[in-house]
Amino acid sequence: MATGNFTGGNNSNLSDYDRLVDRGHSSMVWTEFICYQLLGFPISIIGITGNVMNIWVWTAKKMHWGKSSTSCYLVALSCSDLLYLMCINFGRLLPSWSIIDGENLVPIFPQTSVIIKLKEVIEPLIDLLANTSIYLVVAFTAERFIAVTYPMKGRIICTPRRASLIILTLIVVILLLHIPIFLEHNPTLQMMGFHESTGYKFGYNWGIMVLLFAVAPLIMLSFFNSMLIKTVMKSRRHRAQMLQKAASATVGRDNNFVVLTLTIVLVVFIFFLCHTPAAVILCVFTYREHNGHMDALDRHRWYKTFAIANFLSMFNSSLNFLLYSIFSAKFRSTVYQLLCKKICKIISKGSQAERTHNTKGNSGETEYSLIGTKNGKALVRNDHVTIKEGKSHSAVDI
């Protein structure tokens, strides 16, 4: 939603209601400024970095679950969250970037046709990616539920290949269901009143956007997460019994299982907390809009709540890396190993460059590389020889 310059309703010619609307609009703009620009932008930058790290770690060969079905879902979720945060930045935050001028907000970028067209394309993408993340969370929670409830069948059902097919199917289905949102910005359909029709408002907004993408995921997550919590508690009791019997190998495998399940439970729990307000707001807003109980003042109030809900969604998309790092020692260890390996490669290249020596002479130019020592002498390798006047230099002991 565009940010503009507002006076807060100082015009004496306005009626009391118009002043309330003007103040409500100004309050809405300031709420969006705080939620998106002051808080949302730095959190989204942290989230982009964290999701890149998530993808790097979960696809690493050293990760214990690097080739499991769970890692497929977590990589897909990180990719979806990464694209969501990037679209939020480039499609919603940066075009509406403003500076404070006294009591007003002044947009930095003029609302040109290019920026307006960019927002028309990216806004539906934001909804698409947000809903994709929702069902990816539902999918890997269901996968964990099957794995922990039916361990033997889970090894057959929960495979990386099947997880990849489920992820691809979810993406295609959700993309098809979001086509009407992209069509809302078509000028021809707008002139026909496509998005204002009763069938579209009731059938699509209620049947698809509210029930399918707001209510149904929360119900499924509530069920699966409660069952996972019950399983984790049972596994902890089982692990305590195994410790008493000193079965270290079995205990180690069981501990990894519990850690992964507990991490997913926490991810889902935080997701539930951050997305429940948005689902409730969407349900009530759609109901009031469909029944015509909505004026300009009400819209400004609802848009403020949408800004807060969108901020919670951004916060959730940025939080998973921190959750993985806190509750998974294996994740922390893999991050440390990957960073150390990368740093060591950089240092090694620099050291190798320092060990390369160039010597010049009247009869030619030879480049030597230090390869070791022998009897206190340096052994070098002749990497390049330039021959002049029939003379050349070869590798020697210096």
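Whatever comes next refers back to the structure up there.
Residues numbered from 1 in each chain as written. Predicted model: local features only at pLDDT ≥ 70, side-chain atom pairs only at ≥ 80, totals over all residues. Heavy atoms only, no water.

1. Quick look at the environment of Gln37
Moving on, step 1. By secondary structure assignment, the location of Gln37 is in helix H1 (residues 16-58).
Moving on, step 2. Sequence-wise, Gln37 and Leu93 are 56 residues apart; in three dimensions their C-alpha atoms are separated by 6.4 Å.
Moving on, step 3. With near-sequence residues (within four places) excluded, Gln37 lies in contact with Glu32, Pro42, Ser96, Trp97 and Ser98. (Helix = DSSP H or I, 4+ residues; strand = E, 2+ residues; numbered from the N terminus. Contact = heavy atoms within 4.5 Å.)

2. Side note on the pattern of salt bridges
Moving on, step 1. A full pass over the atoms with the stated rule returns 1 salt bridge.
Moving on, step 2. Among the ionic pairs, Glu143 bridges to Arg144, the shortest N-O distance being 3.6 Å. Both residues of the pair, Glu143 and Arg144, belong to the buried class. (Salt bridge = Lys/Arg side-chain N within 4 Å of Asp/Glu carboxyl O. Buried < 20%, exposed > 50% of the residue type's maximum accessible area, 1.4 Å probe, protein only.)

3. Focus: the side chain of Ser69
Moving on, step 1. Summarising the element assignment, Ser69 is placed in helix H2 (residues 69-93).
Moving on, step 2. If near-sequence neighbours (up to four positions away) are discounted, Ser69 is found in contact with Glu143, Cys158, Thr159, Pro160 and Ala163.

4. Looking at a nonpolar patch on the surface
Moving on, step 1. Together, Leu168, Val172, Leu176, Ile179 and Leu183 make up a nonpolar patch on the protein surface, roughly 430 Å² of accessible area in all.
Moving on, step 2. Of all the secondary structure elements, the ones that give two or more residues to the nonpolar patch are helix H5 (160-177) and helix H6 (179-183).
Moving on, step 3. A total of 3 residues in the nonpolar patch trace back to one element, the largest contributor, which is H5.
Moving on, step 4. Mapped onto the elements of the fold, Leu183 is located in helix H6. (Patch = residues over 30% accessible without salt bridge, like charges linked within 9 Å, V, L, I, M, F, W, Y side chains within 5 Å. Areas by Shrake-Rupley, 256 points an atom, 1.4 Å probe, with all protein chains shown as cover.)

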